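What follows is the residue order along each chain.
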Amino acid sequence: MKHTEKKNRPLGNLRGQKGQSCLLRFAVWFSAILTAMALFFVVAYILIKGIPYLKPSLFAWKYNSENVSLMPALINTLFMTALSLLFAVPVGIGAAVYLTEYARRGNKLVGVVRVTAETLSGIPSIVYGLFGAIFFVKFLGMGLSLLAGALTLSIMILPLIMRTTEEALLAVPDSYREGSFGLGAGRVRTVFRVVLPSAIPGILSGVILGIGRIVGESAALIFTAGTVAEAAGSVFDSARTLSVHMYAISGEGLYIDQTYATAVVLLALVIVINALSEFAAKKLGGTHG
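Nothing here was measured: the structure is a model prediction, and the numbers come from that model.

**Quick notes on the overall build of the protein chain**
The secondary structure content of the protein chain amounts to 11 helices and zero strands. Compactness check: the protein chain gives a C-alpha radius of gyration of 25 Å against a globular reference of 19 Å for 289 residues, more than 25% above the reference. With the C-alpha coordinates of the protein chain rotated into their principal frame, the extents come out at 85 × 55 × 40 Å. The 289 residues of the protein chain split such that 37% are buried. Relative to all contacts within the protein chain whose residues are 6 or more apart in sequence, the contacts with residues 24 or more apart total 73%. Within the structure as shown, the protein chain displays about 16,900 Å² of accessible surface, and the carbon and sulfur contribution to it stands at 68%.

Structural data, given as structure tokens:
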């Protein structure tokens, strides 16, 4: 009897593991299908509601209460994205390089920086907007401007870019570094010629996520960049982005159809930017691979 029980136990354990495996596989597939359906529903709803109202008047160069043009906001969105990335990307990549390549293991500063970055990632955007309004708009005297909004957004996306760059650098095999050192290259040359090119796809993934947050942000920009419906002539002019434009015209209650049309353009803009970024990541990754 004891010998039979010993034989049956492994069979029972095997059946139990198979059952758990099937259950987990079902849960994963169910979650994936549910997520895809939710995404499809949101995108389809926006397209169905917005495409019929995409008219040439929405793309007029000047905004007025009759055409409710989104073109000035679209131009401001592109400027805001470029300016925010100009501030955030070099600082974020530089900080990640220091944390992974230069800081000694066990350094207390590294732990403090990582905890701070994770904390900043969880702060609501409205808090960043209030900080930007107090510091950039009032204290530094920038006023409601494109520059104040871009600096605020750069602080928002800085932890994201820094953490994703750090993970991308840590994923580069140590053999790359050892081979470079073995050939006589210094640390700086190794970082910029070997490590960073190998981590470019991962770095660009963080930049893509940062772009998505910039393009979709509205709360912080209302307090820092303002809601003027004109294309900014300089970085010190007040201007609204597409997301702020959507908020402004939907709040009036008179241009709901135009709001959906603007959402379609915003969705298309995000898709195009992501596609171009992924294409660049593949090209650069293949070049340095």
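**As for the environment of Thr224**
Within the fold, Thr224 resides in helix α9 (residues 219–224). Residue Thr224 is classed as buried on the basis of its relative accessible area, which comes to 0%. Spatially, the C-alpha atoms of Thr224 and Leu130 are 8.2 Å apart, while their sequence positions differ by 94 residues. If we ignore the near neighbours within four places in the chain, the residues touching Thr224 are Gly129, Gly132, Ala133, Val137, Gly143, Leu144, Ser145, Ala148, Gly149 and Thr152. At 2.8 Å, the side chain of Thr224 forms a polar contact with the backbone oxygen of Ala220.

**Overview of the pattern of salt bridges**
As a working rule, side chains carrying opposite charge can pair if their charged atoms are close by. Under the definition given, this model contains five salt bridges. Its salt-bridge partner being Glu101, residue Arg177 comes within 2.8 Å of it at the nearest N-O pair. You can see Arg177 sitting in helix α6 (residues 174–182) and its partner Glu101 sitting in helix α2 (residues 71–102), a full 76 residues away along the chain. In terms of burial, Arg177 and Glu101 fall into one category: buried.

**Description of the confidence of the model for the protein chain**
In this model, the protein chain carries an average pLDDT of 84, and 91% of its residues clear a pLDDT of 70 or more. Between the elements of the protein chain, mean pLDDT differs from a low of 77, seen in helix α1 (residues 2–50), to a high of 92, seen in helix α4 (residues 125–139).

**Remarks on the packing of helix α5 (residues 146–170) against helix α8 (residues 200–216)**
Two elements in contact, α5 and α8, have axes separated by 8 Å at closest approach and are oriented at 160°. Our classification of the angle between α5 and α8 gives roughly antiparallel. In terms of crossing hand, the pair formed by α5 and α8 is right-handed. Residues Leu153, Met156, Ile157, Leu160, Ile161, Thr164, Thr165 and Ala168 of α5 form the contact with α8, whose participating residues are Gly202, Ile203, Gly206, Leu209, Gly210, Arg213 and Ile214. Taken together, the residues of the contact of α5 with α8 sort by class into nine nonpolar, five polar and one charged.

Criteria and thresholds
Residues numbered from 1 in each chain as written. Predicted model: local features only at pLDDT ≥ 70, side-chain atom pairs only at ≥ 80, totals over all residues. Heavy atoms only, no water. Helix = DSSP H or I, 4+ residues; strand = E, 2+ residues; numbered from the N terminus. Rg over C-alpha atoms; globule rule 2.2 N^0.38 Å. Buried < 20%, exposed > 50% of the residue type's maximum accessible area, 1.4 Å probe, protein only. Contact = heavy atoms within 4.5 Å. Areas by Shrake-Rupley, 256 points an atom, 1.4 Å probe, with all protein chains shown as cover. Polar contact = N/O pair within 3.5 Å; in protein donor to acceptor, adjacent residues only side chain to side chain. Salt bridge = Lys/Arg side-chain N within 4 Å of Asp/Glu carboxyl O. pLDDT = per-residue confidence, 0-100. Axes fitted to C-alpha atoms, helices over the stretch in contact; angles between N-to-C directions. Parallel < 35°, antiparallel > 145°, perpendicular 65-115°, else oblique. Left-handed = near helix turned anticlockwise from the far one by under 90°. Nonpolar A, V, L, I, M, F, W, Y, C, P; charged D, E, K, R; others polar.

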